[in-house]
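# Overview (structure and organization)
Spelled out from the first residue to the last, the chains are:
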Amino acid sequence: MQTSRVSEWLDRHMGRLFLMPAVVLILVFSIFPLVASLIIAFARIRLTGGGFSVRFVGLRNFEKQFFGSEQFHLLGTFTDISVIGLLFGLLATLGLIWWMVLYVRAHFSVVGFLGRMITFLMALGLAWLFSATLLSGNLFGTLGTTLFYVFVGCGIQFLIGTALAYACSFQFRGTTSFRVIFFVPMMITPIGVGYIFRMMADTTKGPFSGVWQWVGLGEFAWASDPWAARIFIVVADSWQWIPFVFIMLLAAFESVPRDFTEAAELDGANAWQKFTEITWPHVLPVAATVMLIRVIEAFKIVDLPNIMTSGGPGIATESVSLQSYFAWRSLDLGQASAIAYVLLFVTVIICVSFFNLVVLARVRKAS
Amino acid sequence: MLSKNLKRMATTAVGAVMALTPAAILADGHYDGVVVNIMTRPGPVIAGRMVDRGKEFKAMTGAEIRVAEVPFAELFQKILTDWATGTRSIDVGVFASGWGVEYVSAGLVENLDPYIAKDSKIDLDDIAPFFRDFNQKVQGSTYFITLDGDFQMLYYRTDVLEEAGLQPPKTWEEYLDVASKVHGMDMNGDGEADYGSCIFKKRNAQSFFAVQSMAASRVQAMGTNEGIYFHPDSMKPKINNEAWIKAFEIYKATGEYGPPDELNHDIGDSRALAIGGRCALMIDWGDIGPLSIEEGSMINDKVGAVIMPGSKEVLDAATGKLVPCDSNRCPYAIDGINFAPFAAFGGWTGAISKASDAKVKQAAYDFLSYMNQAEQSNVDVTMGWTGYNPYRNSQLDSTAAWEEAGFSKAAAENYLGAIMESLNHPNMASDIRIPGAAQYTSVVLDREVARYLADEISVEQAVANIEEAWEEITEDFGRDEQAQIYALSLGITN
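Residues numbered from 1 in each chain as written. Chains lettered and ligands numbered in written order. Predicted model: local features only at pLDDT ≥ 70, side-chain atom pairs only at ≥ 80, totals over all residues.

### Overview of the overall build of chain B
Across its full length, chain B carries 20 helices and 15 strands. The C-alpha radius of gyration of chain B comes to 23 Å, within 12% of the 23 Å expected for a compact globule of 494 residues. For the C-alpha atoms alone, the extent of chain B along its principal axes is close to 65 × 60 × 40 Å. Considering chain B as a whole, with its 494 residues, one finds that 55% of them fall into the buried category. Looking at chain B alone, contacts between residues at least 24 apart form 75% of all its contacts between residues at least 6 apart. (Helix = DSSP H or I, 4+ residues; strand = E, 2+ residues; numbered from the N terminus. Rg over C-alpha atoms; globule rule 2.2 N^0.38 Å. Buried ≥ 20, exposed ≤ 12 C-beta atoms within 10 Å, placed from the backbone. Contact = placed C-beta atoms within 7 Å.)

### Digging into the nonpolar core
Judged by nonpolar contacts, the single largest core of 220 residues is most densely connected at L249 of chain A together with F367 of chain B. Counting residues per element, this core draws most heavily on helix α10 (residues 226-254) of chain A, at 14 residues. Apart from residues no more than four positions distant in its own chain, F367 of chain B is found in contact with V36, F57, A63 and I65 of chain B. (Core = buried A, V, L, I, M, F, W, Y, C linked by C-beta atoms within 7 Å.)

### Considering the interface of chain A and chain B
By a frequent convention, interface size equals the accessible area lost on bringing the separate parts together. Across the boundary between the two partners, chain A contributes 28 residues, which contact 33 residues of chain B. Counting only elements with at least two residues in the side of chain A that touches chain B, the list comes to β1 (43-48), β2 (51-56) and α14 (320-329) of chain A. No other element matches the three residues that β1 of chain A contributes to the side of chain A that touches chain B. Residues that form the side of chain A that touches chain B fall into these classes: ten nonpolar, 14 polar and four charged. (Nonpolar A, V, L, I, M, F, W, Y, C, P; charged D, E, K, R; others polar.)

### Let's talk about the pairing of strand β9 (residues 279-284) of chain B
Residues and elements named next belong to chain B. Of all six residues in β9, six are buried, a share of seventy percent or more. As judged from the four bridges shared by strand β7 (residues 153-157) and β9, these two strands associate in the antiparallel manner. Of the residues in β9, the one forming a bridge with L154 is I283. Bridge analysis of strand β8 (residues 195-198) against β9 gives three bridges, and the strand direction is parallel. Across the sheet, residue Y195 finds its bridge partner in β9, namely C279. (Pairing = 2+ DSSP bridges.)

### Here we look at the environment of V35 of chain A
Residues and elements named next belong to chain A. You can see V35 is positioned in helix α1 (residues 2-41). A tally of 11 C-beta atoms within 10 Å means that V35 is categorised as exposed. Along the chain, V35 and L75 lie 40 residues apart, while their C-alpha atoms are 25 Å from each other.

### Some words on the packing of helix α8 (residues 190-200) of chain A against α10 of chain A
When two helices pack together, you describe them by how their axes are tilted relative to each other and by the distance separating the axes. Residue and element names in this part refer to chain A. Packing of α8 against α10 brings their axes to within 10 Å, and their N-to-C directions diverge by 130°. It follows that α8 is oblique to α10 by the angle criterion. The handedness of the crossing between α8 and α10 is right-handed. On α10, the residues touching P190, V193, G194 and F197 of α8 are F232, A236, W239 and Q240. Its residues placed into classes, the contact of α8 with α10 shows six nonpolar, two polar and no charged. (Axes fitted to C-alpha atoms, helices over the stretch in contact; angles between N-to-C directions. Parallel < 35°, antiparallel > 145°, perpendicular 65-115°, else oblique. Left-handed = near helix turned anticlockwise from the far one by under 90°.)

### Concerning the sheet that holds strand β6 (residues 145-146) of chain B
Residues and elements named next belong to chain B. Spatially, β2-β1-β3-β14-β6 is the arrangement adopted by the five strands of the open sheet, whose pairing is mixed. Because the sheet does not close on itself, it has two edges, and the strands there are β2 (64-69) and β6. Pairing between strand β3 (residues 92-96) and strand β14 (residues 348-352): five bridges, direction antiparallel. Looking at the pairing, V94 lines up with G350 of β14.

### What about the environment of L266 of chain A?
Residues and elements named next belong to chain A. Note on placement: L266 falls in helix α11 (residues 258-266). On the neighbour-count criterion, L266 (8 C-beta atoms within 10 Å) is exposed. The spacing of L266 and R60 is 206 residues in sequence and 67 Å in space, taken between C-alpha atoms.

### Some thoughts on the environment of M420 of chain B
Position of M420 of chain B relative to the elements: it lies in helix α17 (residues 409-423). For M420 of chain B and V306 of chain B, which are 114 residues apart along the polypeptide, the C-alpha to C-alpha distance reads 10.0 Å.

### Notes on helix α13 (residues 358-372) of chain B
Residue and element names in this part refer to chain B. For α13, built from 15 residues, the straight-helix expectation of 21 Å at 1.5 Å per residue is met to within 8% by its first-to-last C-alpha distance of 21 Å. Taken across its 15 residues, α13 has eleven buried, putting it largely inside the fold. Those residues of α13 not exposed but buried are V360, K361, A363, A364, Y365, D366, F367, L368, Y370, M371 and N372. (Expected span 1.5 Å × (residues − 1).)

### Considerations on the sheet that holds β8 of chain B
All names here are of chain B. Pairing within the open sheet is mixed, and its four strands lie in the order β8-β9-β7-β10. The open sheet has two edge strands with one neighbour each: β8 and β10 (303-306). In this sheet, adjacent strand axes meet at a mean angle of 15° when their direction is disregarded.

### Things to note about the domain arrangement of chain A
Residues and elements named next belong to chain A. Taken domain by domain, chain A holds domain 1 (2-41) and domain 2 (61-77 + 139-366). A separation of 36 Å is found between the C-alpha centroids of domain 1 and domain 2. Contacts between the two partners involve four residues from domain 1, matched on the other side by seven residues from domain 2. (Domains from an automatic or database assignment.)

### Focus: the pairing of β7 of chain B
Residues and elements named next belong to chain B. Counting buried residues along β7, five of its five residues qualify, which places the element largely inside the surrounding structure. Residues M153, Y155 and R157 line one face of β7 and the alternating positions L154 and Y156 line the opposite face, and both faces are buried. As judged from the four bridges shared by β7 and β10, these two strands associate in the antiparallel manner. Pairing of Y155 across the sheet is with A305, part of β10.

### Topic: helix α3 (residues 72-85) of chain B
Taking 1.5 Å as the rise per residue, α3 of chain B with 14 residues should run 20 Å; its terminal C-alpha atoms sit 21 Å apart, in good agreement. Lining the buried residues of α3 of chain B we find β1 and β2 of chain A together with β1 (35-40), β3, α4 (100-105) and α18 (437-453) of chain B. Of the residues trailing α3 of chain B, G86 of chain B is marked for its positive phi of about 70°.

### Observations regarding unusual backbone geometry
It is generally the case that most residues other than glycine have a negative phi and that most peptide bonds are trans. A cis amide bond, omega 0°, links G312 of chain A with the succeeding residue P313 of chain A. One non-glycine residue, D301 of chain B, adopts positive backbone phi at about 70°. Checked against the element boundaries, D301 of chain B lands in the loop between α12 (288-292) and β10. Positive phi, close to 80°, is recorded for F345 of chain B, a residue that is not glycine. Inspection of the secondary structure puts F345 of chain B in the loop between β13 (342-343) and β14.

This is the structure:
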C-alpha cells in the first residue's frame, strides 16, 4: 500500500523532479548573480582581509550616473539645445503621444497600456537625449555611442547579410565555397578581430600603411577622430557579424517553398513582386528573430572598442559595457553594477518593445 | 666540420656545467615539496626573468616557483580578490608598488621586517633611498621587495640634436622648442620625415603617468614628502590649479611634434618608433637604454638620457598660481630650475600574502630576496627584455656590466648618470600610494586627460572634473583614513 502511494507520488511529480537539476543550476548560475549584482548596485563594496565590507548607499550609484559627476559619461553633456534639436524633440514627443492616442482609441487593455507607456517613456527619453546631445552639437556619452553601434551596426549587418543570403539562395557555381569562407569571421574571437582591424587601420606603421599612403591617407589618424573611430569599430563589428545574419537568412530563404514562387511566376509576377509578396513574408519571422539576437548582442559590445581604441579618443568610442568594465577593473563594484543595470533596463525595454510591437504584430497579422 | 661540431658540443657542455654548478653547490633541498605561486603581468617582461630565476632557485632550495600571468589591466583586482576572499591560490603578488598600500590597509600583506632582520644577503643600504624608504614601506614597516626601479627620464637622440646644434632640454618649454626645431628631419635615413617628440597618449594605457611627470616639477618643490596630489592635512585635491593646467597644456602641445595617430599610441608604440630611429625626444622609464642596444635597434649609441625636465615656476598651494622659483620656494633647484623626477608606477615589487603557510611565506621571501640581491639584479637590469630597471646604487657604480651587455662606455656613463641623478634626487615625486589609487589616477585622471587631448573638454573643465571625482572617491574611502594613509605614504609621521 505504502509502495504504491510512493509510486503514485513519483508518477505525479516525476516531471518536476527531472526539471529540478536544470532549475537549480539556472538559479545558482544565473539568478543568483543577477540578484547579487542588484544588491551591489545599491552599495559600496570594499574587499578586506577575510572577505568584504558592504555599505548601502541607496540610489547614489544610479544618481551619480544620471544627475551626478558621471552624467556626462553615461548620457552626455547638456549645455544648450539647438533649434533643430528642439524641433526634433517636439516632433518626436507629438509622434509618440499620437501613437498612444491611436492605441487607446483602437483597443485598450491595462496590461497593453502599461507596456506601451514603458516603451513611450523610453522612446521619449532617447529622443530628447538625441536632441540635446548629437543634434545640439554636444557630446554624447556611452549610451549614445552604444545606440550608434546597435542601430547603425545592426542595420548595416542586416542589409548586407540579407542581400548576400538572398543572392546565395540562387544556386550558382561557387556558392558552397563562398558560404564556408564567409562563415569564418564569425568563428574568430572578437579580441582577434579587434587586433586585426587595429593593425589594418594603422596608417603609419601597419601592414597596409603603404596602401593608406598611396590613397593619400598616410597622415590620417582614424583613432584620433571620434566619428572615424566609431565607424571603424562598426566596420570591424559588421565584418564579424554579417556572416551570422547571412547564414541564418540563407536557411530561411532556402526554406521558401518553390511551389509558391513557381505559381506566382505562372500568374505573371515579376521578381520584385515575388520577393515582396512571397519570399519576404515567409522569411520575416526569422529575420526579426535574427535581428533581436543581434541587437541584444550589440548592446553588450565591449571587446572591439576596448582593443581598437580603449574607448578613445576621449570617451568617443566607449560603450556602456566598457564603462562598466572600467569601473569593475578599478574595483568600483557598486558603480559597475549600477551601469550594468542601466544597460539591462534599456536593452530589455527596447528588445521587448521590438518583439511585441514588430514581431508579434506581424505574426498576428499573418495569422 | 667535425672539429667545428666538437667545439660546439664542448661549448654547450661547458655552458651546461657552468649553469648548473652554483645550483649544485648550493642545493640543500630544504624547501623540497614547497610550491610558491606568483601572479604578475604577462611575460617576457617582468614574468620571464622570474621564471628563469625560479628554476635556479628550485635547483638551490627545492622550492618550486610557479608564475601565473594575467593581463596588466586585471592584475590589481585579481590579486585583491584572491587575497581578500581567502582563495589562497596566490602566495606572491608582483605588482606596482603604489597598489600595495590598498592591500596593506586591507590587512592582506605579510610584514617583511622579521624576514629582513634574519636576511644577511639583501643589503638594504645598497637600495636607493626612495625605493628603500618610500616604495618598500607602509607606515614605517617593509611590506614589499623591490624588483624594478621605475621612474621616468627624458631620452634624446644625440646625433639629431648635435646636427641641429641643440642641447638636451632642461625645462618643458625647452622640450617643446627642441621638438619643434627637429620635427620633420629624417632621423633614420629612410627618406621619411620623422618626429620631434614621441610620448604615448592612448587612453586606458599609461598616458596618465606622462602628464604626472610633466606636473611634478611644477607642483612639488620641497622634497618627496610634499606630494603632488593632495593637501595632506585636509585631503583636498591639489589639482585645480595653474601647475596642473600647464602640465596638461604641455602634454597636448607635444602631440604637435609627434606621429599623427599618437592619441592611440601606448608605450609599446612609442618605444617601437624610438627604437626605429623615428623620434628625437621621448620620455620613458629606464627601458629605452637597454632596448637601444638590442638587435634591430636604429639608435644604438645614438641615444642620451637626462633627468626629466623641470620648471622655473612652481605652485603656490595657497593661491593655486604659479610663482617663480627662488631659494625658499625651490630649495633643490639647480640654476633656478626645479626638478622632480616622477617615480611613475613606482616599479614592480613583490608582496607576500598573509594567508599563506609559514613555510611557503619563508620560501617566497627567500625567492624575492634572491631576485633583489645585487648578484642577480645587477645582471637582470642590464637586459632590456626583462623590464627591470636599476634601483640599487651598485647597479650604477660601474659601467662594466653595462658595457658587457652591449653599451659603449660613453653611452653607459650617460645612461647611468641620468639614472643616478634621478634616483637620488631629494625632490623625487612619489606615485599615488593610497587606497583607491587605481580610481584616482588610472580611471579619473586618465579619462579626463584623454578627453582634453581629444578636444572634448577644455583644460579648466578637465581639472575641475578631476577635483570633483577625486573628492567623491575620498569621501567613499573615508577622508580621515585617506589623509592618514596619504601622509604616511609621503613619510609624514607627525
